[in-house]
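So the chains spell out like this:
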Amino acid sequence: MPRVSAAFFVTGGLLLLGGMILGEYMGAHENFTLSPLHAHINLLGWVTLALYGTFYTLTKDTYSPRLAWINFVLSSVGVLAMIPVLALLLTQPDGPAKYGPLAGAAGGIALLGLLVFLVSAFRELVRRRT
Ligand code: HEM
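None of the values given here were measured: they were computed from a predicted structure. Every chain begins its residue count from 1, and numbering advances along the sequence as written. Reporting in this predicted model follows two pLDDT cut-offs: at least 70 for local features of residues, and 80 or more for side-chain atom pairs to be given and counted; totals over whole chains, interfaces and linings ignore these cut-offs and use all residues.

**Some thoughts on the site of the ligand**
All residues are tested the same way: a C-beta atom is placed from the backbone, and lying within 6 Å of a molecule or strand makes the residue near it. With respect to spatial proximity, 14 residues lie near the ligand, and among them M20, G23, S35, A39 and N42 are the closest. Top contributing element to the shell around the ligand by residue count: helix α2 (residues 35-58), with eight residues. Gly counts as polar in this scheme, as do all residues outside two lists: the nonpolar Ala, Val, Leu, Ile, Met, Phe, Trp, Tyr, Cys and Pro, and the charged Asp, Glu, Lys and Arg. Its residues assigned to classes, the shell around the ligand comprises eight nonpolar, five polar and one charged. Only DSSP runs of H or I reaching four residues or more are called helices, and only runs of E reaching two or more are called strands; each is numbered from the N terminus.

Written as structure tokens, this is what we have:
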């Protein structure tokens, strides 16, 4: 497995640990205010990062390590930045008005990560096959 795939899986796995602990906490306290944060950590953190990591293992002979690492940094920083911002947006009075733009910026970083992934995927689609 390329190191970048392992990095995706370690980061995604740690996010899943955090997301599951948050889920346990919400259930134990019967307080579901942070449900959307839990969903974003698990889906954008664990599921999405694990799929990116899987792609780079499947293409380990042909992928561009440079693109893969840029994808890793942008996607990881995007989801990590989203955690405190979404927590504030969901819990503070006037949260959406105050923190909406920051949430958009954090999401924008994750979106840039996806664009880099799409370049990697497109590169794989059009590469010469023998
Ligand atoms: C230890 C594991 C987990 C626990 C204890 C847990 C717990 C919970 C709880 C208590 C809720 C709120 C339910 C409600 O609003 O009535 C929830 C919602 C949700 N969970 Fe989990 N969960 C776990 C793992 C996961 C995983 C692995 C995923 C996805 C990969 C996931 C995705 C979601 C989604 C999409 C929602 C709905 C969020 C929303 O309505 O805004 N959960 N979970």
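**Overview of the packing of helix α1 (residues 3-29) against helix α3 (residues 65-91)**
Angles run from 0 to 180 degrees between N-to-C directions of axes, and those axes are lines fitted to C-alpha atoms, restricted for helices to the stretch in contact. Interhelical geometry of α1 versus α3 gives an angle of 10° and a closest axis separation of 10 Å. Relative to α3, the element α1 lies roughly parallel. Residues V4, A7, F8, T11 and L15 of α1 form the contact with α3, whose participating residues are P65, A68, W69, F72, S76 and V79. Class assignment for the residues of the contact of α1 with α3 results in nine nonpolar, two polar and no charged. Angles below 35 degrees are treated as roughly parallel, those above 145 as roughly antiparallel, those between 65 and 115 as roughly perpendicular, and all remaining angles as oblique. Think of it this way: build a C-beta for each residue from its backbone, and any pair within 7 Å is a contact.

**Some words on α1**
Every α-helix carries 3.6 residues per turn, so stepping three or four residues along brings you back to the same face. Compared with the 39 Å implied by 1.5 Å per residue over 27 residues, the 39 Å span of α1 between its first and last C-alpha is a close match. Counting other C-beta atoms within 10 Å of each residue's C-beta, where C-beta atoms are placed from the backbone, gives the exposure class: buried for 20 or more, exposed for 12 or fewer, partly exposed between. Listed in full, the buried residues belonging to α1 are V4, S5, F8, T11, G12, L15 and G19. For α1, the elements touching its buried residues are α2 and α3. E30 sits one or two positions beyond α1 and adopts a positive phi of about 45°. Multiply 1.5 Å by the residue count of a helix minus one, and that product is the helix's expected span.

**Examining the environment of N42**
Residue placement: N42 occurs in helix α2. For the pair N42 and V116, spaced 74 residues apart in sequence, the C-alpha separation works out to 21 Å. Not counting residues within four places of it along the chain, the set of residues in contact with N42 comprises L16, G19 and V47.

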